[in-house]
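Working through the structure, step by step
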Protein chains: 2
Amino acid sequence: MDIYKTIRLDKQSKTPLYQQLADSLLLLVEQGELEAGTKLPPIRRLALMLDVNNVTVINAYKYLESKKAVYSHVGSGTFVADPDLNRNKPITKTLLTKKNLGEINYGNYINFADTSVSAELFPVDRFKQCFDAVLERDKGAAFSYQSSMGYEPLREAMAVTLEESGIKTSSERIQIISGAQQGLDIISKAMLKTNDIVFTEKPTYYGALGAIFSRGAQAVEIPLEEDGINLYVLQRLLKIYTPKFIYVMPCYQTPTGICYSLKKKRELLELAYRHNFYIVEEDNMGDFSYTEEKPVPLKALDYRNKVIYIKSFSKILMPGLRIGCTVLPKAVLQAVDSAKYSSDISTSGFIQRAFELYLKSGDHHIHTERMRSVFGKKYKLITDLADKKLSKYFDFQKSRGGLTLWLRSKNSAVSSDALYTALIGGGVLITPGSLFTSEDEDIMRHIRISFANVTDADIAKGIDIIADVCSTMNTG
Amino acid sequence: MDIYKTIRLDKQSKTPLYQQLADSLLLLVEQGELEAGTKLPPIRRLALMLDVNNVTVINAYKYLESKKAVYSHVGSGTFVADPDLNRNKPITKTLLTKKNLGEINYGNYINFADTSVSAELFPVDRFKQCFDAVLERDKGAAFSYQSSMGYEPLREAMAVTLEESGIKTSSERIQIISGAQQGLDIISKAMLKTNDIVFTEKPTYYGALGAIFSRGAQAVEIPLEEDGINLYVLQRLLKIYTPKFIYVMPCYQTPTGICYSLKKKRELLELAYRHNFYIVEEDNMGDFSYTEEKPVPLKALDYRNKVIYIKSFSKILMPGLRIGCTVLPKAVLQAVDSAKYSSDISTSGFIQRAFELYLKSGDHHIHTERMRSVFGKKYKLITDLADKKLSKYFDFQKSRGGLTLWLRSKNSAVSSDALYTALIGGGVLITPGSLFTSEDEDIMRHIRISFANVTDADIAKGIDIIADVCSTMNTG
């Protein structure tokens, strides 16, 4: 708090006090005394320290906010803005360091960090047939330019596939993309400009923030509850901000695994209609449901075309295919298509053609059922083991779907980073909650364990090791 | 000029005259009286009309320029800026309309508009072997996530391939991208923010402008001469602007086909070193040289790491592969890599693996020589015919490379749009110069004819039809 004592206000000056205060604060920011992200003192406290009216501080903060020098979060205060927010900052430095743990020889570890399913489950023979059939049929023409909206027969096959999830649309509304990340990137390119606001879940996927930040836009995070996003907080934030869209993953969210209740999905849609914002829904886990009924995507309930739907095949198949699709409301279609064209013209025509044959053959349906069966068993195995051996150290929710568990340490003294490091020593890789936040203490208390690419034997062994390490850390 | 008469300046006011004038002009812009692109009156003329000093007008224009409300082009005056420049505007409306002439049934035309080489020349059997070998060797793992920099063995193979063009680099500096358009898009994402300036050639490729505009940046065009960009204009513009980079295609430029002289390449590099700007060099045509010696890319001459090189394989192979690479100076590498990650994470690992086998086999070398031989003959055929039958109606330059001719109508009354329409009637598709400009009259006098995907017989037939149509238009 000492730096605020350096502020001298001249009550005789013609310059209004609030302006003097704002200028002094700006100077502190420019001199680096107040770094981006620093919380400014509460209004009453600063007013008291400087012997001025509350209104003076309020007006100074307002002025700074209009200059984008600070931003306020309801309930948590006013913070120094990052002047470089419009530079590319997809992932904060800490997070990047962790992501780059790529130096590790993964083969030596029980890898609960990998969220891609085992390559052995990929229907490689089936795809080989599709690739061969395309080359046989189209020869070199298989590699010609595609429309930026995608290869028409694949768009039609996608429409049929989506109908199985309850999404009724037509091929004209479907764009083929090079994976879900590109989907969010081109939607951001089409819809966002500097300082625009996007709402996201808290925590959310850092890659998504990368696409949003690359536009110079700002993300306002909204906490998750057991049944989805906190609508009370969302409504309060809607009084302050006009978001360009909200980015959500209602089916087994990344990283929490939370599945939205039907009620919450409907309420979120009604809010979008009432307040006229778009919902960008990413669906990469909807296929991994281990209940009788698959959860319904938001898009299937969207009767007023406010949901922009992104479908990923990176989990149910393999990420290296780099294929996915979006369903676009007519109002944004042209802008997103232009953004796709200026990004990479079109997705590989060859892969699109092969993928069309694969979808049309009906094999995708068989493959999906197989995946649900394989991972449903693994899910039961890991949750049973976690109940038995980890419930002493962690709380966790069972969504009966997805490929991960999100565990909250019962001991507030045990951080996910410490656990992460200790577990590496024990031969186990997990994802620490800190990968998904730079400051939230509750999120940092979480770890994520993925069973996407771990054998049953290793799951058992790995859970034992986690229990052992936790036991040591809690007593030690 | 009438609207300027509505401006009333109060010489008694405390507000300086230049400020009053600037405010009045801003009002006219806001009211829509002065549209984006409108040229403001010359300084002396406006000063005379309003009965003020030249300096008043100069200061008003300067003030408006600092507010980005106007921009000046050396030698041509001051223009009203586009307030929506930071929205996505990859291609202007006119251009989009033309691009969408896709409704045409191309099969019925002699297609001099298509710049992709005939699919029949693609080494499809060779690629089939590579795809099969990858699936056999790596199975499902061929589809796992790649590093956003690319599949390491392919990066090494690219380094070897680039060395054949004189570019000495190492795999760490090479990033694999999903085609050249993505290269420029992620470089723009990493380097540009709103209102940044990029220099481009005039005319240039509209897709490139799309990537630049998507960042809210502005492009300042610099005319081309027979041996490359006009360095005199470039130097004058460097006194006004600080460009983030200049985007050039020194080897058989799009759309003009111009090949930079070695002297000009060296001079451009020296300017980049002296004024500290980057050169983004796109190379999609360097392989199509019909002279003894292939032209040297700028990157091969760049001894101070100021060239960001983008290599496309869309012409020498097929665009649907969606693969290319960039060579990145160390200073921009991390930012471009982050931009790639947030754009699509990585390029398809499967295609990358197959492409590595193809490059390593040495077959690319054989394929390239074959293409040079095939298109060298076509180039001779079309230039001989054009000399004989079109020189009465057009001027054109012979660069002895590339896949297109850029013809300038000798008759200023004949616009490329009129020719385009008349030729469609004659069963011939060409690209009108208007696709590459929205106002430049000289560029609009040009047409581009591509022999990338036309048989020898159709070339002869097509040139005859063009001559006939020109003959009618010039006499009619």
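Residues numbered from 1 in each chain as written. Chains lettered and ligands numbered in written order. Predicted model: local features only at pLDDT ≥ 70, side-chain atom pairs only at ≥ 80, totals over all residues. Heavy atoms only, no water.

The subject of this paragraph is the interface of chain B and chain A. Of the residues lining the interface, 58 residues belong to chain B; the matching set on chain A comes to 58 residues. Both sides of the chain B and chain A interface together cover about 4,600 Å² of buried area, and 59% of this is carbon and sulfur. Seen at the junction of chain B and chain A, the total is four salt bridges. A salt bridge links Asp132 of chain A to Lys128 of chain B, with the shortest nitrogen-to-oxygen separation between them at 3.4 Å. At the junction of chain B with chain A, the criterion picks out 17 residue pairs in polar contact (both at pLDDT 80 or more). When residues of the side of chain B that touches chain A are traced back to their parent elements, those giving at least two are helix 4 (93–99), helix 5 (124–138), helix 7 (180–191), helix 8 (206–213), helix 12 (330–344) and helix 13 (349–360) of chain B. Per-class residue counts for the side of chain B that touches chain A are 26 nonpolar, 21 polar and 11 charged. (Contact = heavy atoms within 4.5 Å. Buried area = accessible area lost by both parts, 1.4 Å probe. Salt bridge = Lys/Arg side-chain N within 4 Å of Asp/Glu carboxyl O. Polar contact = N/O pair within 3.5 Å; in protein donor to acceptor, adjacent residues only side chain to side chain. Helix = DSSP H or I, 4+ residues; strand = E, 2+ residues; numbered from the N terminus. Nonpolar A, V, L, I, M, F, W, Y, C, P; charged D, E, K, R; others polar.)

Turning to the packing of aromatic side chains, a few remarks are in order. One pass over the full model with this rule turns up 44 aromatic pairs over all chains. Relative to Phe143 of chain B, the ring of Phe131 of chain A lies with its centre 6.3 Å away and its plane at 10°, an arrangement referred to as stacked. Taken together, the residues span two chains, with Phe131 of chain A in helix 5 (residues 124–138) and Phe143 of chain B in the loop between helix 5 and helix 6 (152–163). Assigned by exposure class, Phe131 of chain A and Phe143 of chain B land together as buried. Plain terms: the ring middles of Phe350 of chain A and Phe131 of chain B are 4.7 Å apart, the flat faces sit at 20° to each other, and that makes the pair stacked. Here Phe350 of chain A is found in helix 13 (residues 349–360), whereas its partner Phe131 of chain B is found in helix 5 on a different chain. In this pair, the class of Phe350 of chain A matches that of Phe131 of chain B, namely buried. Above the ring of Tyr278 of chain A, the side-chain terminus of Lys306 of chain A is found at 4.0 Å from the ring centroid. Here the basic side chain of Lys311 of chain A rests over the ring of Phe313 of chain A, its NZ or CZ set 5.4 Å away from the ring centre. (Phe/Tyr/Trp six-rings, centres within 6.5 Å; stacked < 30°, edge-to-face > 60°. Buried < 20%, exposed > 50% of the residue type's maximum accessible area, 1.4 Å probe, protein only. Lys NZ or Arg CZ within 6 Å of the ring centre and 35° of its normal.)

Attention now moves to the sheet that holds strand 11 (residues 324–327) of chain A. Strand order in the open sheet formed by eight strands is 4-11-10-9-8-5-6-7 (chain A), and the pairing between neighbours is mixed. Strands at the two margins of the open sheet, each flanked by one partner only, are strand 4 (174–177) and strand 7 (228–229) of chain A. (Pairing = 2+ DSSP bridges.)

Let's shift gears to the relation of the copies chain B and chain A. The operation relating chain B to chain A is a screw motion whose rotation component is 180°, with 0.2 Å of axial translation and a residual RMSD of 0.4 Å. Here the transformation between the copies is reduced to the relation of a two-fold axis. The fraction of interface residues of chain B whose copies in chain A are also interface residues reaches 100%, indicating that both copies meet through the same surface. (Least-squares fit on C-alpha atoms with pLDDT ≥ 70 in both.)

Note the cis peptide between Thr254 of chain A and Pro255 of chain A, where omega equals 5°. With respect to the element layout, Pro255 of chain A can be found in the loop between strand 8 (245–248) and helix 10 (262–275). In this structure, Pro203 of chain B follows Lys202 of chain B across a cis peptide bond, with omega equal to 0°. Positive phi, normally seen in glycine, also occurs at Arg322 of chain A, with a value near 55°. Note on placement: Arg322 of chain A falls in the loop between strand 10 (307–312) and strand 11. For Ile345 of chain B, which is not a glycine, the phi torsion comes out positive at approximately 65°.

Another point: the confidence of the model for chain A. Residues and elements named next belong to chain A. Of all residues in chain A, 95% have pLDDT values of 70 or greater, and the mean over the chain is 90. Predicted confidence is poor over residues 84–102, with pLDDT under 50, and the contacts of this stretch with residues over four places away or in other chains come to 43 contacts. Here the complex is predicted with pTM 0.80, and the ipTM for its interfaces comes to 0.78. (pLDDT = per-residue confidence, 0-100.)

This next bit is on empty space enclosed by the protein. As enumerated under the stated definition, the model contains five cavities of 30 Å³ or more in all. Its volume calculated, the largest cavity comes out at about 120 Å³. What lines the largest cavity is a set of 16 residues, and nearest its centre among them are Ser178 and Ser348 of chain A together with Ser178, Arg322 and Ser348 of chain B. A class-by-class count of the residues in the lining of the largest cavity yields four nonpolar, eight polar and four charged. (1 Å grid on protein atoms, 1.4 Å probe; cavity = no way out; pocket = protein on both sides within 12 Å on 5 of 7 lines; lining within 4 Å. Points joined across faces, edges and corners; volume = space filled by probe spheres on them.)

Turning our attention to helix 9 (residues 231–240) of chain A. Residues and elements named next belong to chain A. Taken together, the buried positions of helix 9 are occupied by Leu231, Leu234, Leu237 and Leu238. Seen end-on, helix 9 carries its buried residues on one side only, within an arc spanning 115°. Facing away from the buried side of helix 9 by over 90 degrees, the exposed positions are Tyr232 and Lys239. Two or three places before Tyr232, at the opening of helix 9, Asn230 has a side-chain oxygen 3.0 Å from that residue's backbone nitrogen. (Arc of directions from axis to C-beta.)

With 12 residues, helix 13 of chain B ought to run about 16 Å at 1.5 Å a step, and its terminal C-alpha atoms sit 16 Å apart, in line with that. In terms of burial, helix 13 of chain B is a largely internal element, 10 of the 12 residues being buried. Among the residues making up helix 13 of chain B, those that are buried are Gly349, Phe350, Ile351, Gln352, Arg353, Ala354, Phe355, Glu356, Tyr358 and Leu359 of chain B. Where helix 13 of chain B is buried, its residues meet helix 5 and helix 13 of chain A together with helix 5, helix 6, strand 4 (174–177) and helix 14 (363–389) of chain B. Just downstream of helix 13 of chain B lies Gly362 of chain B, where phi reads positive at about 85°. (Expected span 1.5 Å × (residues − 1).)

Moving on, we get to the nonpolar core. With 148 residues, the main nonpolar core has Phe355 of chain A together with Phe355 of chain B as its most contacted residues. Those residues within four positions of Phe355 of chain B in sequence are excluded, and the remaining contacts are Phe127, Leu154, Met158, Phe313, Leu317, Leu321 and Ile323 of chain B. The next biggest cluster of nonpolar side chains, apart from the first, holds 37 residues, and it includes Met149, Ile212, Ala217 and Ala219 of chain A. (Core = buried A, V, L, I, M, F, W, Y, C linked by side-chain atoms within 4.5 Å.)

With that settled, consider the packing of helix 9 (residues 231–238) of chain B against helix 10 (residues 262–275) of chain B. Residue and element names in this part refer to chain B. Their axes nearest at 11 Å, the elements helix 9 and helix 10 cross at an angle of 5°. By the angle class used here, helix 9 and helix 10 are roughly parallel. Across from Leu231, Leu234, Gln235 and Leu238 in helix 9, the residues of helix 10 making contact are Lys264, Glu267, Leu268, Leu271 and His275. Taken together, the residues of the contact of helix 9 with helix 10 sort by class into five nonpolar, two polar and two charged. (Axes fitted to C-alpha atoms, helices over the stretch in contact; angles between N-to-C directions. Parallel < 35°, antiparallel > 145°, perpendicular 65-115°, else oblique.)

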